[in-house]
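Spelled out, the chains give:
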Amino acid sequence: MTDSTVTQSTATQYRISEAAMHLGVSTDTIRRWDKMGLIKATRDTNNHRVFNILELIRVQQKASGLHSENNYRVLHSAKQYSATCIDLFAGAGGTALGFHNAGIKHVLLAEINRDAASTLQTNSDNMKLGWNVWECDVARIDYSGMQADIIQAGFPCQAFSYAGKSLGFEDTRGTLFFEFARAVNEVRPMIAIGENVRGLLTHDGGRTLKTMLDVLESIGYSVAFKVLRAQYLDVPQKRERLILFAIRKDLDYPAVFPVEKDYFISLREALEGCPVSEGQKYTDRKYDIMRQIPEGGYWRDLPDDLQREYMGASYFHTGGRTGMARRLSWDQPSLTLTCNPAQKQTERCHPSETRPLSIREYARIQTFPDEWQFHGSTASQYKQIGNAVPVNLGYHIGRCVLAALGHIGIANDMEVVEFDR
């Protein structure tokens, strides 16, 4: 193939050598893009790794500065549906706003942190969302008389004790997952959505996830799960979340998940026109060190004497530790945001200015709208944003929930996933 224009009607899956020849780049370049998480390989019928040429062209265009289209936007549906939701551990409202933008109405949002609860209430009032926000410990909620079609919760991952246990519902008491399961058991929603980090797949050898699946099964729910990569779902950030999609067993509803897009949004697109805001600052010495890091670079790009000074004993450890002294790249999605952009282990330095990302830049990367206000100290605001589910990821999940419930059709950018058992 010599024509550089590729359409949907042509073959799109290329082996790495074929793709490199078509693009005029080395196979090492494609491998580097793959390692950086900018592209995703699949397997053909012969179990060879293949790449989507359309995706590769988009990455090449971004890397060369030729890609001018800005795909960054906060996704929003024009229609509101009758589906209702209870949101537990609501945080700063990333999932809740995403669900709202998809067209889902909330009957309750529960959040124990005072600053985060204030964030939810203030934005509900300012944007006329009509949210019923409770600042409370979910363990103290009485669900008697409550009704909702959906319960959604981003419960923290906690280990369970297995000695002499039957791994039943009561065995999880004292964990925040138990509070999610208790709410589901008492309210009996049609659909329950659980959200967690990818690490839950292997936490405690996979036993923690198995316990959660067993518990939801025992209270009458079939569960499917999948890891979603936010960078392929309209979020300018490499962030992975494990989603549990539970359906009440008396209902013949499918588990529906969003299909990854064949594009990503760069940091340049996300931060275009970003409002100026407060943020953390480096000490004078750290500034002197960080200003020597090139765009997209990290501590290995420093002179050896500064590597030793900055890394200390970690200099001699094995492993890349690529998050340390890390400056982000304009033409890639951001690395996963943490609760502190100046933290040594997980630096999130601006691509061209020598400073940590600001509050509003953090919010843009998590796809919160610019008018979304965060309460509390600067540290508290970073924590709220860093812990949030990206709003656009919540939007895509919300649309899939609506499709499962029959409010909208199962679109081409959705897929039905089999239940775990």
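You'll find the structure just up there.
Residues numbered from 1 in each chain as written. Predicted model: local features only at pLDDT ≥ 70, side-chain atom pairs only at ≥ 80, totals over all residues. Heavy atoms only, no water.

A.B. asks: I would appreciate a short explanation of the overall build of the protein chain in the present structure.
C.D. replies: For the protein chain, the count of helices and strands is 13 helices and twelve strands. Taking 421 residues into account, the globule formula puts the C-alpha radius of gyration at 22 Å, and the protein chain, at 22 Å, falls close to it. Overall size of the protein chain, expressed as C-alpha extent along the three principal axes, is 60 × 55 × 50 Å. Buried residues in the protein chain amount to 55% of all 421 residues. In the protein chain, once contacts between residues fewer than 6 apart in sequence are set aside, the share between residues at least 24 apart is 69%. Accessible surface, the protein chain: about 18,500 Å² in total, of which carbon and sulfur atoms supply 48%. Seen as two clouds, the 48 positive and the 49 negative side-chain charges of the protein chain have centres 3 Å apart. (Helix = DSSP H or I, 4+ residues; strand = E, 2+ residues; numbered from the N terminus. Rg over C-alpha atoms; globule rule 2.2 N^0.38 Å. Buried < 20%, exposed > 50% of the residue type's maximum accessible area, 1.4 Å probe, protein only. Contact = heavy atoms within 4.5 Å. Areas by Shrake-Rupley, 256 points an atom, 1.4 Å probe, with all protein chains shown as cover. Lys, Arg positive; Asp, Glu negative; His and termini not counted. Charge placed at Lys NZ, Arg CZ, Asp CG, Glu CD.)

A.B. asks: Looking at this structure, how should I read the packing of helix α6 (residues 176-187) against helix α7 (residues 207-218)?
C.D. replies: When two helices pack together, their arrangement is given by the angle between the helix axes and by the axis-to-axis distance. α7 packs onto α6 with a crossing angle of 20° between their chain directions and a minimal axis gap of 10 Å. The pairing of α6 with α7 is recorded here as roughly parallel in orientation. The way α6 lies across α7 gives a crossing that is right-handed. Residues F177, F180 and A181 of α6 touch α7, and the partners they reach there are M212, V215 and L216. The residue makeup of the contact of α6 with α7, split by class, is six nonpolar, no polar and no charged. (Axes fitted to C-alpha atoms, helices over the stretch in contact; angles between N-to-C directions. Parallel < 35°, antiparallel > 145°, perpendicular 65-115°, else oblique. Left-handed = near helix turned anticlockwise from the far one by under 90°. Nonpolar A, V, L, I, M, F, W, Y, C, P; charged D, E, K, R; others polar.)

A.B. asks: Would you explain the pattern of salt bridges in this entry?
C.D. replies: Side-chain pairing between opposite charges can occur once the charged atoms of the two side chains come close. Enumeration according to the criterion identifies 24 salt bridges in this entry. Here D214 and K210 are joined by a salt bridge, their closest N and O atoms 2.8 Å apart. Of this pair, D214 and K210 both sit in helix α7, four residues apart, which is roughly one turn of the helix. One salt bridge connects D304 with R308, and the closest N-O pair in it is separated by 2.7 Å. Placement of the pair is D304 and R308 together in helix α10 (residues 304-311), with a separation of four residues, close to one helical turn. When its relative accessible area of 37% is taken as the criterion, D304 is described as partly exposed. Ionic contacts of the salt-bridge type, sharing partners, join the residues E179, R182 and E186 into one network. (Salt bridge = Lys/Arg side-chain N within 4 Å of Asp/Glu carboxyl O.)

A.B. asks: Which parts of the structure should I look at to understand helix α4 (residues 94-102)?
C.D. replies: Three- or four-residue spacings in an α-helix give side chains the same orientation, since the helix completes a turn every 3.6 residues. Burial analysis of α4 places nine of its nine residues in the buried class, the great majority of the element. Those residues of α4 lying buried are G94, T95, A96, L97, G98, F99, H100, N101 and A102. Taken together, the buried residues of α4 touch β4 (84-88), β5 (105-111), β7 (150-153) and α13 (391-405).

A.B. asks: Would you mind showing me how to read the nonpolar core here?
C.D. replies: Buried together is how nonpolar side chains tend to be arranged in soluble globular proteins. Residues I150, I191, F245, F257, L393, I397 and V401 are the most contacted members of the largest nonpolar core, which totals 35 residues. For this core, the elements supplying multiple residues, two or more each, are α4, β8 (191-197), β9 (221-229), β10 (240-248), β11 (255-258), α13 and β12 (414-417). Apart from the residues lying within four places of it in its own chain, the contact partners of V401 are F99, I150, I191, I193 and F245. Within the second largest apolar cluster, 33 residues are counted, among which are L88, A110, F177 and A246. (Core = buried A, V, L, I, M, F, W, Y, C linked by side-chain atoms within 4.5 Å.)

A.B. asks: So what exactly am I meant to see when it comes to the environment of L213 here?
C.D. replies: Its place among the elements puts L213 in helix α7. In this structure L213 comes out as buried when scored by relative accessible area, which is 5%. C-alpha of L213 to C-alpha of A139: the two residues are 74 residues apart in sequence and 21 Å apart in space.

A.B. asks: Would you explain the state of the cysteines in this entry?
C.D. replies: A covalent bond bridging the sulfur atoms of two cysteines is what the word disulfide describes. For the structure shown, the criterion picks out zero disulfides. Not engaged in a disulfide, the cysteine C85 finds its nearest cysteine sulfur in C400; these two sulfurs lie 14 Å apart. A disulfide-free cysteine, C349 has its sulfur positioned 15 Å from the sulfur of C274, the nearest such atom. (Disulfide = S-S within 2.5 Å.)

A.B. asks: What is the right way to read the sheet that holds β4 from this model?
C.D. replies: Hydrogen bonds between backbone groups are what pair the strands of a sheet, and the pairing can be parallel or antiparallel. Spatially, seven strands are ordered β6-β5-β4-β7-β8-β10-β9 in an open sheet, and the strand pairing comes out mixed. Strand pairing shows two members of the sheet lacking a second neighbour, β6 (133-135) and β9, which therefore form its edges. Across the sheet, the mean angle separating the axes of adjacent strands is 15° when strand polarity is ignored. The sheet contact formed by β4 and β7 spans four bridges and is parallel. (Pairing = 2+ DSSP bridges.)

A.B. asks: Even after reading the chapter, I still don't get the packing of α4 against α13, so can you show me in this structure?
C.D. replies: Following both chains from N to C, one finds α4 and α13 inclined at 50°, their axes separated by 7 Å at the closest point. Here α13 runs oblique to α4, going by the angle between their axes. Considering the relative orientation of α4 and α13, their crossing is right-handed. In this structure, α4 contributes G94, L97, G98, F99, N101 and A102 to the contact, and α13 contributes V391, G394, Y395, I397, G398, R399, V401 and L402. When the residues that make up the contact of α4 with α13 are grouped by side-chain class, the tally is eight nonpolar, five polar and one charged.

A.B. asks: Which parts of the structure should I look at to understand the sheet that holds strand β3 (residues 49-52)?
C.D. replies: Taken in spatial order, the three strands make up an open sheet running β1-β3-β2, and their pairing is antiparallel. Of all strands in the sheet, those bounded by a partner on one side alone are β1 (13-15) and β2 (42-43).

A.B. asks: Just checking my understanding: could you explain the pairing of β10 for this structure?
C.D. replies: Here is the key point about a regular strand: its side chains alternate between the two faces of the sheet. The buried fraction of β10 amounts to eight of the nine residues, a majority that puts the element mostly inside the structure. Where β8 meets β10, seven bridges bridge the pair, whose relative direction is antiparallel. Looking at the pairing, I191 lines up with I247 of β10. Inspection of the sheet shows β9 paired to β10 by nine bridges, in the antiparallel sense. Bridged to K226 within β10 is I243.

A.B. asks: How should α10 be read in this particular structure?
C.D. replies: Within the sequence span of α10, burial applies to L306, Q307, Y310 and M311. What you see down the axis of α10 is that its buried residues fit within an arc of 115°, all on one side. (Arc of directions from axis to C-beta.)

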